[in-house]
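A structural walkthrough
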Amino acid sequence: RPGGGDEAKLHEELPDVSSTELHGSEDGASPPIYASFQREDWALLAARVELHLLAHAFVEDVEDSMYLGVPVDHVDHYFRVYFKTGFSAQAFACKDMKSVVELMADTLNILSSDHLSFLSSRCEKEQDFLNFARAVEEDRRDRMRRIEAGDESARLKFPAAVPEE
């Protein structure tokens, strides 16, 4: 198959994500987990961490068992309350929060209760940052494999960042 040797070479060069350290090895033998991150990967990492923190903080602050997470329709509002900046699904080339969660399904989910939908984290409250970075790297590698196989739908097409006023 054409390019088969290149693919094998690519996978030989990539260290196992589960054993890769955030900043690489001290002797420089292995690169940091984020060595191949592009703008979109950094955006996904930031969103994963921020939405995870938001979901846990909201549930803790609201102290009401009816709320399984942040009401999906109000994520932007509570994101502004907690982080002093907005959150937009369109920044991730998504039409809604459900589509954003699909990009980060290993970290986030949407739970439903009494006709309401809630953004919730799949991770423990005190999740190690390295686990978020590993999840982004695993997704990046999966996208690269799919793109190399000809699946252009795997390519992320985030719009250029526009400064908020």
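Residues numbered from 1 in each chain as written. Predicted model: local features only at pLDDT ≥ 70, side-chain atom pairs only at ≥ 80, totals over all residues. Heavy atoms only, no water.

Considerations on the layout of surface pockets
Put simply, the test is: Only protein atoms enter the 1 Å grid, on which a cavity is a set of points fitting a 1.4 Å probe that cannot get out and a pocket is an open set with protein on both sides within 12 Å along at least 5 of 7 lines, lining residues being those with an atom within 4 Å of a point. Grid points are joined across faces, edges and corners, and a volume is the space filled by probe spheres set on the points. Strands are runs of DSSP state E lasting at least two residues, helices are runs of H or I lasting at least four, and both sets are numbered from the N terminus onward. Gly counts as polar in this scheme, as do all residues outside two lists: the nonpolar Ala, Val, Leu, Ile, Met, Phe, Trp, Tyr, Cys and Pro, and the charged Asp, Glu, Lys and Arg.
Its volume calculated, the second largest pocket comes out at about 290 Å³. As for the second largest pocket, its lining consists of 18 residues, of which Leu103, Arg143, Arg146, Ala154 and Leu156 are closest to the centre. At the level of secondary structure, the elements contributing two or more residues to the lining of the second largest pocket comprise α2 (39–62), α4 (97–103) and α5 (129–148). Element by element, the count of residues in the lining of the second largest pocket is highest for α5, at 4 residues. Taken together, the residues of the lining of the second largest pocket break down into 8 nonpolar, 1 polar and 9 charged.

Let's talk about the side chain of histidine 52
Threshold: We call a residue buried when its accessible area falls under 20% of the maximum for its residue type, exposed when it is over 50%, and partly exposed in between, using a 1.4 Å probe and counting protein chains only. By the criterion applied in these results, polar contacts are pairs of N or O atoms within 3.5 Å in which, for protein atoms, one can donate a hydrogen and the other can accept it, and in which residues neighboring in sequence qualify only through two side-chain atoms. Any pair of residues with heavy atoms lying within 4.5 Å of one another is described as a contacting pair.
Structurally, histidine 52 is set in helix α2. The class for histidine 52 is buried, based on a relative accessible area of 1%. Among the polar contacts made by the side chain of histidine 52, one reaches the main-chain carbonyl oxygen of lysine 125 at a distance of 3.2 Å. Other than its neighbours up to four places away in sequence, histidine 52 contacts Ala47, Thr107, Leu108, Ser121, Cys123, Glu124, Lys125, Gln127 and Phe132.

A closer look at the environment of alanine 133
With respect to the element layout, alanine 133 can be found in helix α5. Under the relative-accessibility criterion, alanine 133 is labelled buried at 1%. Spatially, the C-alpha atom of alanine 133 lies 9.2 Å from that of aspartate 41, the residues being 92 residues apart in sequence.

Section: the nonpolar core
What counts is decided by this rule: In this text, buried Ala, Val, Leu, Ile, Met, Phe, Trp, Tyr and Cys residues form a nonpolar core when linked through side-chain atoms within 4.5 Å.
In terms of nonpolar packing, the biggest core is built from 21 residues, with Leu51, Val75, Phe87, Phe92, Met97, Val100 and Leu119 touching the most fellow members. With 5 residues, α2 is the largest single contributor of residues to this core. Among all residues touching valine 100, those that are not within four sequence positions of it are Leu51, Phe87, Ala89, Phe92 and Cys94. Counting 9 residues, the second-largest nonpolar core is a separate cluster that includes Leu45, Val49, Cys123 and Phe132.

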